[in-house]
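Structure assessment
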Amino acid sequence: MGILDQFSLKGKVAIVTGASTGLGQGMCLGLADAGADIVGVDYVDMPETKVQVEALGKRFYGIKKDLINSKQADLVALVEEAVKAMGHVDILVNNAGIIKRQDALEFSESNWDDVMNINSRTVFFLSQACANQFVKQQTGGKIISVASMLAYQGGIRVPSYTASKSAVKGITMAMANEWAKYNINVNAIAPGYMATNNTKQLRDDETRAGQILERIPAGRWGLPSDMMGAIVFLASDASSYVNGFTLAVDGGWLAR
């Protein structure tokens, strides 16, 4: 097998949360272009993602679900539905997440709980459900979660987001330690400042947006397409000896 063959995802099935738009949609398209069929999960319908995945010749199955208040049993059922629809599952991408901006002195309990629930709690229990499916299949598998630069930095006015993304980085290492023996690779991606819905408020603030852009060595905001190479690498056999690592895709922000 040549090195480029190791990046092929032909015959694989990937669950991607937050698949309707932005980074999630971009990662769906990258995975599909590499050969994977896609199970998209979001709290809204995903017609645009479905059309684009199918245009690449791959299957798309959508599961409409609000992950903020999902219980452990709900996430087990989600994986079971994906397996019933597609026959098996090989890759999980924990992308769904939210951010709440408020001064720390006034930060509300709901702003804390909602962010922590979807950004870290759901990440762990959906990973657990997929890992159990991988063990049952005896095929191994790939779990990739979306962390953030704020897994390394404190940020401003986003305490629950920082806490949740730091948790993603930590539990990625913890899960990798326990599940590597099952041939399950667990890694994460830390995106930089991306032009998505989550950063619209920042991009609309000319002063803040200018400060951010000035610090990014690449000199531009990231795009969903910038995630494609990293997600395919971590989902493929090419990364079979990469485990417990959080890869920055940030235009050099953390190096500055």
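See above for the structure.
In what follows, the accompanying structure is described. Computed from a predicted structure; not experimentally measured.

1. Re helix H5 (residues 159-179)
Taking 1.5 Å as the rise per residue, H5 with 21 residues should run 30 Å; its terminal C-alpha atoms sit 30 Å apart, in good agreement. Residues of H5 that are buried include every one of Ser-160, Tyr-161, Thr-162, Ser-164, Lys-165, Val-168, Thr-172, Met-175, Ala-176 and Trp-179, and no others.

2. Points about the packing of aromatic side chains
Think of a pair of aromatic rings as described by two things: how far the centres are apart, and how the planes are tilted against each other in angle. One pass over the structure, following the stated rule, counts four aromatic pairs. Here the aromatic rings of Phe-7 and Phe-233 are separated by 6.3 Å at their centres, their planes lie at 35°, and the arrangement is tilted. Taken together, the residues Phe-7 in the segment before strand S1 (13-17) and Phe-233 in helix H8 (residues 228-235) connect sequence positions 226 residues apart. Residue class for Phe-7 comes out partly exposed when judged on its relative accessible area of 27%.

3. Some points on the pattern of salt bridges
Applying the stated criterion across every chain yields a total of six salt bridges. One salt bridge connects Arg-157 with Asp-103, and the closest N-O pair in it is separated by 2.6 Å. Here the residue Arg-157 occupies a position in the loop between strand S5 (141-146) and H5, and Asp-103 occupies one in the loop between strand S4 (91-94) and helix H4 (109-137), the gap between them amounting to 54 residues. On the accessibility criterion, Arg-157 (34% relative accessible area) is partly exposed. Residues Asp-226 and Arg-220 are paired through a salt bridge, measuring 2.9 Å at the closest nitrogen-oxygen approach. For Asp-226, a relative accessible area of 28% puts it in the partly exposed group.

4. Focus on the side chain of Asn-94
Assignment of secondary structure puts Asn-94 in strand S4. What makes Asn-94 buried here is its relative accessible area of 3%. At 2.9 Å, the side chain of Asn-94 and the side chain of Ser-127 are in polar contact. When sequence neighbours within four positions are dropped, the list of residues in contact with Asn-94 reads Thr-17, Val-123, Leu-126, Ser-127, Ile-143, Ile-144, Ser-145 and Val-146.

5. Thoughts on the pairing of S1
Most of S1 is tucked away: five of the five residues are buried. Here S1 shows no split at all, with Val-13, Ile-15 and Thr-17 on one side and Ala-14 and Val-16 on the other all buried. Both S1 and strand S2 (residues 37-42) contribute to a ladder of five bridges, which runs parallel. Within S2, the residue paired with Val-13 across the bridge is Asp-37. With helix H1 (residues 22-33) bridging S1 and its parallel neighbour S2, the resulting β-α-β unit is right-handed. Relative to S4, S1 is paired through three bridges, and the arrangement is parallel. Bridged to Ala-14 within S4 is Ile-91.

Calculation rules
- Residues numbered from 1 in each chain as written.
- Predicted model: local features only at pLDDT ≥ 70, side-chain atom pairs only at ≥ 80, totals over all residues.
- Heavy atoms only, no water.
- Helix = DSSP H or I, 4+ residues; strand = E, 2+ residues; numbered from the N terminus.
- Expected span 1.5 Å × (residues − 1).
- Buried < 20%, exposed > 50% of the residue type's maximum accessible area, 1.4 Å probe, protein only.
- Phe/Tyr/Trp six-rings, centres within 6.5 Å; stacked < 30°, edge-to-face > 60°.
- Salt bridge = Lys/Arg side-chain N within 4 Å of Asp/Glu carboxyl O.
- Polar contact = N/O pair within 3.5 Å; in protein donor to acceptor, adjacent residues only side chain to side chain.
- Contact = heavy atoms within 4.5 Å.
- Pairing = 2+ DSSP bridges.
- Right-handed = clockwise from strand over helix to strand, strands pointing away.

Scope: geometric values only; no functional claims are made or implied.
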